[in-house]
Amino acid sequence: MASTDETAQVGQHASPLGTTPPGPPVRGAAEGGGGMPRWLPRAMVLALALVACFQLGSWAFHQLTGLLINILIAFFLALAIEPAVSWLASFGMRRGLATGLVFLIVMSVSAGFVALLGSMLAGQIIDIVEDFPKYVDSVISWANTTFHTELSRVDIQDSLLRSDWLRKYVQNSATGVLDVSAQVLGGLFQLLTVTLFAFYFAADGPRLRRALCSVLPPARQTEVLRAWGIAVNKTGGYLYSRGLMALVSGLAHYVLLEFLEVDYAPVLAVWVGLVSQFIPTIGTYLAGALPMLIAFTVNPWYALWVLVFVVIYQQFENYVLQPKLTAKTVDIHPAVAFGSVVAGTALLGAVGALIAIPAIATLQAFLGAYVKRYDVTDDPRVLGRHERVSGALLKRVRRLVRRLVRGGADEPPPARDDAPRPSA
């Protein structure tokens, strides 16, 4: 107690004018004021860094969209030719050589088809140009006879050559030629890019799968390889089934065009087969337009016959041929196929329309392998039949009909076995 009193006395003498000496600073007093927390600058820097990374990634994605689409096309093309390459490799051929052979066959067939189609179109254009004065004279003669005018082909040619419209059209056509040339060069570069990536994907398929599985645990490796196998089967099956249907369609239309004696029947048949099968939804109408136009130049009634045959064959293909050929390859519902084509077109344009069906077929097969299914009860609502009306309800309906027919007279109720009988 003595030491405590001495300490209090010393404190009282040390503080002048009765003031209390300042005590030790309280921890966190500066933080309780208006100062900035220590974590806030780092959080702001981290947020700005994330925004900058997002902007940079978005810019890079938009710049590389064309390359990514080309890689996607090449990947599906490699999946499509994978069965053929594996089949050739099973005979001891190197995968690179087998892939090159498959590409050589595909490119040779494509180049031959384009050359034949180009020669056909060039011949038709030359015929139209040579016969154009005759068409003009016939139109002028019809106009003079019908409307009592005095038009001549020379006056019409002079007015067209002196018109400002023709001068502007020629200038725009010259500019358009440059644009078309640039688009052709860009298309050739894009085709080369897709071909190179598809060649590497197909030739180095096992190495690519090994590199992908090397960074995954064993359980994930099995799932990835299974998904890869499903994608190969569905994409290759889609391509080969479409090719077989294109062959059948081309043969059928070739017989018709030869019977009608239409020029360039083989080329037109190949055109109908390929375009109708590999351009979804509207391919049939695009494919039938060209043979109808060529047949119209021979005889207008032939164009009508071609149209009727195209419509009838399309129904035969949709309901008979296609279900049998695609039952084991890309067996998807027509509504799902149409919706996938529309969605693919909205996302990736023509490329999405081409790869939508094999992509959906692959996804459907992959989900079908993991989704557990159960047996469905034999319910009339599931089977698509109405429930049968019970016998008592039928009797009541019949009784009501009889009452309405007899004018509403009530029928006596049926006798009951347990009713009391009159005494004798």
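Let us look at the structure shown here. (Residues numbered from 1 in each chain as written. Predicted model: local features only at pLDDT ≥ 70, side-chain atom pairs only at ≥ 80, totals over all residues. Heavy atoms only, no water.)

1. Here's the deal with the packing of aromatic side chains
Okay, so step 1: Within the structure shown, the criterion is met by ten aromatic pairs.
Okay, so step 2: Ring geometry for F75 against F76: centres 6.2 Å apart, planes inclined by 85°, an arrangement best described as edge-to-face.
Okay, so step 3: For F75, a relative accessible area of 27% translates into the label partly exposed.
Okay, so step 4: For the ring pair W87 and F91, a centre distance of 5.0 Å and an interplane angle of 80° mean the geometry is edge-to-face.
Okay, so step 5: Note on W87: relative accessible area 54%, which makes it exposed.
Okay, so step 6: The class of F91 is exposed, set by a relative accessible area of 62%.
Okay, so step 7: By the ring-pair criterion, three or more aromatic residues cluster together here, those being F75, F76, F197, F201 and W228. (Phe/Tyr/Trp six-rings, centres within 6.5 Å; stacked < 30°, edge-to-face > 60°. Buried < 20%, exposed > 50% of the residue type's maximum accessible area, 1.4 Å probe, protein only.)

2. A closer look at the packing of helix α10 (residues 283-298) against helix α11 (residues 300-325)
Okay, so step 1: One way to put it is that α10 packs onto α11 with a least axis distance of 7 Å and a crossing angle of 155°. The angle between α10 and α11 places the two elements in the roughly antiparallel class. The handedness of the crossing between α10 and α11 comes out as right-handed. On the side of α10, the interface is formed by T284, G288, P291, M292, A295, F296 and V298, while α11 contributes P300, Y302, A303, V306, L307, V310 and Q314.
Okay, so step 2: Of the residues assigned to the contact of α10 with α11, the class counts are eleven nonpolar, three polar and no charged. (Axes fitted to C-alpha atoms, helices over the stretch in contact; angles between N-to-C directions. Helix = DSSP H or I, 4+ residues; strand = E, 2+ residues; numbered from the N terminus. Parallel < 35°, antiparallel > 145°, perpendicular 65-115°, else oblique. Left-handed = near helix turned anticlockwise from the far one by under 90°. Contact = heavy atoms within 4.5 Å. Nonpolar A, V, L, I, M, F, W, Y, C, P; charged D, E, K, R; others polar.)

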